[in-house]
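# An overview of the molecular structure
The chain contents come next:
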Amino acid sequence: SDAGPMTTDLEQARGPTTRARRGRSTARAARAIALAAVVLHILLTWFSRPPGLLTGQDDAEYVILARSLRAGGYEELHRVDTPVHSTYPPAYPALLAVWGTITGDGFDALVVLNIALSAATLLLLRRALLRRGFDESVATGSVVVLAVNPAPAPYADLATLKTRLG
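Residues numbered from 1 in each chain as written. Predicted model: local features only at pLDDT ≥ 70, side-chain atom pairs only at ≥ 80, totals over all residues. Heavy atoms only, no water.

## Here's the deal with the environment of Val145
Locating Val145 in the fold gives a position in helix 6 (residues 136-148). Sequence-wise, Val145 and Ala37 are 108 residues apart; in three dimensions their C-alpha atoms are separated by 8.6 Å. (Helix = DSSP H or I, 4+ residues; strand = E, 2+ residues; numbered from the N terminus.)

Encoded structure:
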């Protein structure tokens, strides 16, 4: 047999070793923990969302820019002289324009988009860490810590992902 001098045909017929099965079981548990953390993140973010668009952030401006893009321009419609917008790149407003076309410009729809982007970021982070050779526990632990961290969670529900997409 080519599996090595100590491996018999009977051992090969039994299938994967206990260590290999334990490794797959650990990986499944880590995926389940990461997924549970992401679900918890979604729930925490949804139930801690603000009551509506706030003027202290750039939320309203992004929505206005999205509407301008849907109308075929990129102007600051909230200004009397409606100049061409030059502060933010159009990637995030373009995403909002497409999303708003599908779901409408309602606040809850915007929150759903941003929570989905935040959740996807957590899952992509885990995948990236695993691809870089980090252990399951490090990749999953990173997701768990970030999923329940109160510092970035409020930004997942606002239209303020400009630093990620802008």
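Further notes follow.
## Structural notes on the nonpolar core
Grouped together as the largest cluster of nonpolar side chains are 11 residues: Tyr62, Val63, Leu65, Ala66, Tyr74, Tyr88, Tyr92, Leu96, Ala97, Leu110 and Leu113. Breaking this core down by element, the ones donating at least two residues are helix 3 (59-70), helix 4 (91-103) and helix 5 (107-131). Among the elements that make up this core, the one with the highest residue count is helix 3 (four residues). Counting residues in each nonpolar core, the second largest holds seven residues, with Ala37, Val38, Leu122 and Val143 among its members. (Core = buried A, V, L, I, M, F, W, Y, C linked by side-chain atoms within 4.5 Å. Buried < 20%, exposed > 50% of the residue type's maximum accessible area, 1.4 Å probe, protein only.)

## Some remarks on helix 6
Over its 13 residues, helix 6 extends 18 Å from the first C-alpha to the last, a length consistent with the 18 Å expected when each residue adds 1.5 Å. Every buried residue of helix 6 is listed here: Ala139, Thr140, Val143 and Ala147. Down the axis of helix 6, the buried side of the element spans an arc of 90 degrees, and every buried residue falls inside it. The exposed set on the far side of helix 6, more than 90 degrees from its buried face, consists of Ser137 and Val145. (Expected span 1.5 Å × (residues − 1). Arc of directions from axis to C-beta.)

## Points about the environment of Leu123
Tracing the backbone shows Leu123 in helix 5. Spatially, the C-alpha atom of Leu123 lies 7.7 Å from that of Val38, the residues being 85 residues apart in sequence.

## Considerations on the pattern of salt bridges
Following the criterion strictly, the structure yields four salt bridges and no others. The salt bridge partner of Arg70 is Asp105, with a shortest N-O separation of 2.5 Å. One end of the pair, Arg70, is in helix 3; the other, Asp105, is in the loop between helix 4 and helix 5, with 35 residues separating them in the sequence. The closest approach of N and O atoms between Glu136 and Arg126, which form a salt bridge, is 2.5 Å. Of the two residues, Glu136 sits in helix 6 while Arg126 sits in helix 5, which places them 10 residues apart along the sequence. Each of the salt bridges in this network shares a partner with another, and the network as a whole consists of Arg67, Arg70 and Asp105. (Salt bridge = Lys/Arg side-chain N within 4 Å of Asp/Glu carboxyl O.)

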